[in-house]
Amino acid sequence: MAACFHLHTPPPLGGLVVPARNPGNGPRIGVALSAGGAKGLAHIGVIQVLEEHGIPVTAIAGTSMGAYVGGMWASGLSGKELEALAATMVERSDLWSIVDPALPPRRGFIHGRKILKRLRRTLGEKSFDELAKPFYCVATELNGYVRTVLDDGDVASAILASLAIPGIVVPVTRDGIEYIDGGVSEPIPVDALREHGRVDKIIAVNVLPRPGEARRFRHNSKDFKPWRNPCSWLNQKVNLFARGNLLDILRGAAMGSQMRLVERSASHADLVIRAVSPMPRWHDYTSYRSYIELGRLAAEARLPEILALAGISSEPQTCLAS
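About the thresholds
- Residues numbered from 1 in each chain as written.
- Predicted model: local features only at pLDDT ≥ 70, side-chain atom pairs only at ≥ 80, totals over all residues.
- Heavy atoms only, no water.
- Helix = DSSP H or I, 4+ residues; strand = E, 2+ residues; numbered from the N terminus.
- Buried < 20%, exposed > 50% of the residue type's maximum accessible area, 1.4 Å probe, protein only.
- Contact = heavy atoms within 4.5 Å.
- Areas by Shrake-Rupley, 256 points an atom, 1.4 Å probe, with all protein chains shown as cover.
- Pairing = 2+ DSSP bridges.
- Phe/Tyr/Trp six-rings, centres within 6.5 Å; stacked < 30°, edge-to-face > 60°.
- Axes fitted to C-alpha atoms, helices over the stretch in contact; angles between N-to-C directions.
- Parallel < 35°, antiparallel > 145°, perpendicular 65-115°, else oblique.
- Nonpolar A, V, L, I, M, F, W, Y, C, P; charged D, E, K, R; others polar.

Engineer: Please clarify how the overall build of the chain should be interpreted in this entry.
Structural biologist: Counting its secondary structure elements, the chain contains 11 helices and 11 strands. Out of the 322 residues in the chain, the part that is buried amounts to 48%. Considering only contacts within the chain whose residues lie at least 6 apart along the sequence, 77% involve residues at least 24 apart. Within the structure as shown, the chain displays about 15700 Å² of accessible surface, and the carbon and sulfur contribution to it stands at 55%.

Written out as structure tokens, the structure reads:
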């Protein structure tokens, strides 16, 4: 038989320490992952903590980068496998390998075909009904800027639609409808998950700063001395993605509007984990370890509340089989 007792005193030698779960079925928990560019890699750290503590997740929703991470997670990849996937983008050349210039850049600078190809390396032609967990991908219809929840058909094309940053990625056509970045309409898909996911409780993970916070995250261009680093100076003059240039301004403006939307949507969640990075660049995928660690720390700081939400006692118990 098995004997279980609370750890008010040290456990006997050989005891296995496990979380103390409440009897019966706990609430159905959904996780909503926000937009945020490379900062969205912090979602991986949160996922790792949830998995390590046995938090049962029944449905996932994601927007933009949150859709990328969420879709891969829903496909069956673990938090550790997601980290290994992030590690394949450590060099600048890795980032440029998914850039396919649209010439002329009439509707965007990037077609997105190489991004789709990269998605298919992991997901293949997998459809939503083949995923390990229900997944809801938020995109925005270009005609009318209406939020759409994509949850059927091909998963990779749905994620690409959610990632299609206006002005940077050409709008994605799916089933005859053109889509752009889901962050335009719902940067953190709490309401989408509540409406479609059949969940009792929602954990929202937000990587976007609040309005005003981003100012202290940016460097002062007046302090830049071109003679100290001529290559950086030249990059600033010719690279449209460089800080303060056209595409950086477009992305920053889009994120500025998302910051306001995300706070309102996050207030509809049962628990919000904020994993906001002070790093200024939204496309800095080379710093994936820092983002993941930030996500881990943010989740661990809210762990007692997460366990309570899942109906799991934070007081450990020891079980001995005899």
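Engineer: How should I be thinking about the pairing of strand β10 (residues 271–274) in this particular structure?
Structural biologist: In summary, the side chains of a regular strand alternate between the two faces of the sheet. Burial of β10 is one-sided: the residues Leu 271 and Ile 273 facing one way are buried, the residues Val 272 and Arg 274 facing the other way are not. Bridge count between strand β9 (residues 201–206) and β10: 4 bridges; the pairing is parallel. Looking at the pairing, Ile 203 lines up with Leu 271 of β10.

Engineer: Before we go on, may I ask you to explain the environment of Gln 258 in this structure?
Structural biologist: Tracing the sequence through the fold places Gln 258 in helix α9 (residues 246–266). Accessibility expressed as a relative area gives 1% for Gln 258, which makes it buried. Along the sequence, Gln 258 and Arg 210 sit 48 residues apart, while their C-alpha atoms lie 9.4 Å from each other.

Engineer: For this particular structure, what's the right way to read helix α2 (residues 65–74)?
Structural biologist: An α-helix turns once every 3.6 residues. As a result, residues three or four positions apart point the same way. Across the 10 residues that make up α2, a large majority, 10, are buried. The complete set of buried residues in α2 reads Met 65, Gly 66, Ala 67, Tyr 68, Val 69, Gly 70, Gly 71, Met 72, Trp 73 and Ala 74. Backbone geometry just after α2 places Gly 76 at a positive phi near 120 degrees.

Engineer: I keep staring at the packing of aromatic side chains and nothing clicks. Help me out?
Structural biologist: Within a pair of aromatic rings, the relevant descriptors are the distance that separates the centres and the angle that separates the planes. Following the criterion strictly, the structure yields 1 aromatic pair and no others. A centroid spacing of 5.9 Å and a plane angle of 10 degrees characterise the contact between Phe 128 and Phe 135, whose relative ring orientation is stacked. This pair shows no difference in class: Phe 128 is buried, exactly as Phe 135 is.

Engineer: Explanation requested: the packing of α2 against helix α6 (residues 155–163) in the structure shown.
Structural biologist: Any two packed helices are characterised by how steeply their axes cross, that is the angle between the axes, and by the distance between the axes. As a packed pair, α2 and α6 sit with axes 8 Å apart at the nearest point and diverge in direction by 160 degrees. As summarised for this structure, α2 and α6 are arranged roughly antiparallel, according to the angle between their axes. Between α2 and α6, the residues in contact are Met 65, Ala 67, Tyr 68 and Gly 71 and Ile 159, Ser 162 and Leu 163, respectively. Considering only residue class, the contact of α2 with α6 consists of 5 nonpolar, 2 polar and no charged.

Engineer: Please explain the environment of Ser 78 as it appears in this structure.
Structural biologist: Summarising the element assignment, Ser 78 is placed in the loop between α2 and α3 (79–86). Overall, Ser 78 belongs to the partly exposed group, its relative accessible area being 23%. In this structure the C-alpha to C-alpha distance between Ser 78 and Gln 48, which are 30 residues apart in sequence, comes to 7.6 Å.

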